Amino acid sequence: MDAQGEHRTQRYLTAFVVSFGVWLALVGTLNWQELLMGGVLSAIVAALGWRYFSQVGFSRLTPKKFLYLIAYIPVFFWAMIKANFDVAYRVIHPRMPIHPGVVLIKTDLKSDSGKLALANSITLTPGTLTMDVEGDSMLIHWINVKSTDTKETTRMISEKFERFLKVIFS
Amino acid sequence: MYIFGQVLIGIGTAFLFLGGLGIFRLPDVYNRLQAGTKCTTLGAFSTILGVGFIHPNWMLKAIVIAVFILLTNPISAHALARASYKSGVKLWDKSVVDRCKEFEECQEIPKEEEG
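Here we summarise the structure given alongside this text. Treat the numbers as computed from the prediction; the structure is a model and nothing was measured.

As for the overall build of chain B
Move 1: Assigned secondary structure in chain B consists of four helices and zero strands.
Move 2: In sequence order, the secondary structure elements of chain B are arranged as α-α-α-α.
Move 3: Looking at chain B residue by residue over its 115 residues, the buried ones come to 42%.
Move 4: For chain B, restricting intrachain contacts to residue pairs at least 6 apart in sequence, the fraction spanning at least 24 positions comes to 59%.
Move 5: Roughly 6,400 Å² of accessible area belongs to chain B as shown, and the carbon and sulfur atoms make up 69% of that amount.

Remarks on the overall build of chain A
Move 1: Helices and strands together make up the secondary structure of chain A, namely five helices and three strands.
Move 2: When its helices and strands are written in sequence order, chain A yields α-α-α-β-α-β-β-α.
Move 3: Counting contacts in chain A only where the partners sit at least 6 residues apart, residues at least 24 apart contribute 68% of the total.
Move 4: In the form shown here, chain A has an accessible surface area of approximately 9,100 Å², with 66% of it arising from carbon and sulfur atoms.

A few points about helix H4 (residues 112-123) of chain A
Move 1: Compared with an ideal rise of 1.5 Å per residue, which puts twelve residues at 16 Å, H4(A) spans 16 Å between its outermost C-alpha atoms and is within 8% of the ideal.
Move 2: When H4(A) is considered as a whole, its buried residues turn out to be A:Gly114, A:Lys115, A:Ala117, A:Leu118, A:Ala119, A:Asn120, A:Ser121, A:Ile122 and A:Thr123.

Concerning helix H1 (residues 2-25) of chain B
For the α-helix, the turn length of 3.6 residues means that residues three or four positions removed from each other point alike.
Move 1: The terminal C-alpha atoms of H1(B) lie 35 Å apart, and with 24 residues this matches the ideal 34 Å at 1.5 Å per residue to within 8%.
Move 2: Three or more residues of H1(B) are buried, namely B:Gly5, B:Leu8, B:Gly12, B:Phe15, B:Leu18, B:Gly19 and B:Gly22.
Move 3: On its buried face, H1(B) sits against helix H3 (63-92) of chain A together with helix H2 (29-54) of chain B.

Thoughts on the nonpolar core
Move 1: Core analysis: the largest hydrophobic core is formed by 32 residues, its most contacted members being A:Tyr72, A:Leu118, A:Met138 and A:Leu165.
Move 2: Secondary structure elements with two or more residues in this core: H3, strand S1 (101-106), H4, strand S3 (137-142) and helix H5 (150-168) of chain A together with H1, H2 and helix H3 (59-86) of chain B.

Re the packing of helix H1 (residues 8-27) of chain A against H3(B)
Move 1: It is at 6 Å that the axes of H1(A) and H3(B) come closest, and there the two elements cross at 130°. Judged by the angle between their axes, H1(A) and H3(B) are oblique. Of the residues in H3(B), those touching H1(A) at A:Val22, A:Ala25 and A:Leu26 are B:Leu60, B:Lys61 and B:Val64.

Digging into the sheet that holds S1(A)
Move 1: If you walk across this open sheet you meet the three strands as S1-S3-S2 (chain A), and the pairing is antiparallel. Looking at the sheet topology across the chains shown, the edges are occupied by S1 and strand S2 (128-134) of chain A. Here the strands of the sheet are splayed against their neighbours by 25° on average, with no regard to which way each runs.
Move 2: Pairing between S1(A) and S3(A): six bridges, direction antiparallel. The residue bridging A:Ile105 from the neighbouring strand is A:Met138, located in S3(A).
Move 3: Together, S2 and S3 of chain A form the strand contacts of H2(B), whose direction differs from that of S2(A) by roughly 110°.
Move 4: Contacts from H3(B) reach S2 and S3 of chain A, with the element oriented near 65° to S2(A).

Overview of a nonpolar patch on the surface
All names here are of chain A.
Move 1: A surface patch of nonpolar side chains, amounting to about 740 Å² of accessible area, comprises Trp32, Leu36, Met37, Val40, Leu41, Ile44 and Leu48.
Move 2: Among the secondary structure elements, Ile44 is positioned in helix H2 (residues 32-53).
Move 3: Judged by its relative accessible area of 44%, Ile44 falls in the partly exposed class.

As for the packing of H4(A) against H3(B)
Move 1: Contact geometry of H4(A) with H3(B) gives a least axis separation of 9 Å together with a crossing angle of 80°. With respect to their mutual orientation, H4(A) and H3(B) come out roughly perpendicular. Within the contact between the two elements, H4(A) uses A:Leu116, A:Asn120 and A:Thr123 and H3(B) uses B:Leu71, B:Pro74, B:Ile75 and B:Ala77.
Move 2: A per-class count over the contact of H4(A) with H3(B) returns five nonpolar, two polar and no charged.

Rules used throughout
Residues numbered from 1 in each chain as written. Chains lettered and ligands numbered in written order. Predicted model: local features only at pLDDT ≥ 70, side-chain atom pairs only at ≥ 80, totals over all residues. Heavy atoms only, no water. Helix = DSSP H or I, 4+ residues; strand = E, 2+ residues; numbered from the N terminus. Buried < 20%, exposed > 50% of the residue type's maximum accessible area, 1.4 Å probe, protein only. Contact = heavy atoms within 4.5 Å. Areas by Shrake-Rupley, 256 points an atom, 1.4 Å probe, with all protein chains shown as cover. Expected span 1.5 Å × (residues − 1). Core = buried A, V, L, I, M, F, W, Y, C linked by side-chain atoms within 4.5 Å. Axes fitted to C-alpha atoms, helices over the stretch in contact; angles between N-to-C directions. Parallel < 35°, antiparallel > 145°, perpendicular 65-115°, else oblique. Pairing = 2+ DSSP bridges. Patch = residues over 30% accessible without salt bridge, like charges linked within 9 Å, V, L, I, M, F, W, Y side chains within 5 Å. Salt bridge = Lys/Arg side-chain N within 4 Å of Asp/Glu carboxyl O. Nonpolar A, V, L, I, M, F, W, Y, C, P; charged D, E, K, R; others polar.

Quick look at the structure:
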C-alpha cells in the first residue's frame, strides 16, 4: 500500500467524486444548498473511507478500459436474463432436471476487485454460484454439471467474462 | 411510460414468485440459494426500475438502489453458501460431483484428475 503513496490524492478524489455522484442521484436537484451539503458530506466520507473505497485512482482508467466496461454491461445483463429463465424452467418442470455438483475453476485475474466482479458475475449467471475464493481457484456450485475437469469448467463458466474483466481490471 | 413500468413490475413480481417456488421445491441449501439469488436479483431489479418508470422523477434514485442490489445480492448469497459449506452442510444425495475436499488440498499444487 505504501508504494502507492503518489496515488493517494487521486484515490481520495475518486472516492469524493463517487460519493458526490451518488448524492446527486439521490437528491435529484441542482439546488445550491443540496450541492453544498453534498460536497461537505462527500468530503467527510471520502476522508474517512478512501482507503477502502478506491484501490486505484482515475488515471488508471484508459479509454479502452471504459469501452470494455460499456461492452461488458449488455453481456452481463443478457447472461443474467438467461440465468433467470434457466432457473425458472428448472423450478417449474415437474421432474426438476437438475444435476447439481461442486466444481473448481481457475482464474487469471490478479486484483481483488477483479476477482469480486468475476465472482459476482458467476453467481448471477446460468446455474452457477460462487462458494469460495482462495488465491486463483474458485469453488463453484453448478446446478447442471456438464464436466468435472478444471480446464473445461473454467472455459465453460468464466471465459466469457474474463475476456472483459481482464482488460477492465488490468 | 406508465404501461412499461407496470409491465416491468409484473415481470419482477413473476420472477420473485418463481424464486419463492424454487426455494420451496429444490432439494438442498445450495440449490435453493441458486433460485433465491438469481430470481430475487432480477425480480427486485425490474420491480424497482418499474417504479422508476412510473414516477420519472424517482428514476435516478431507483437506479442507485437497483445498482446497490445488483452489487450486494450476490455477495450475500456467496456468504451464505460459504458459511454453510464451512459448517459442513451436506450436498444433496444425487449430486453429480463434489470437489470440496480437493479444493482444500489443492491450494498449492493444482491437480488435474477427475473428482
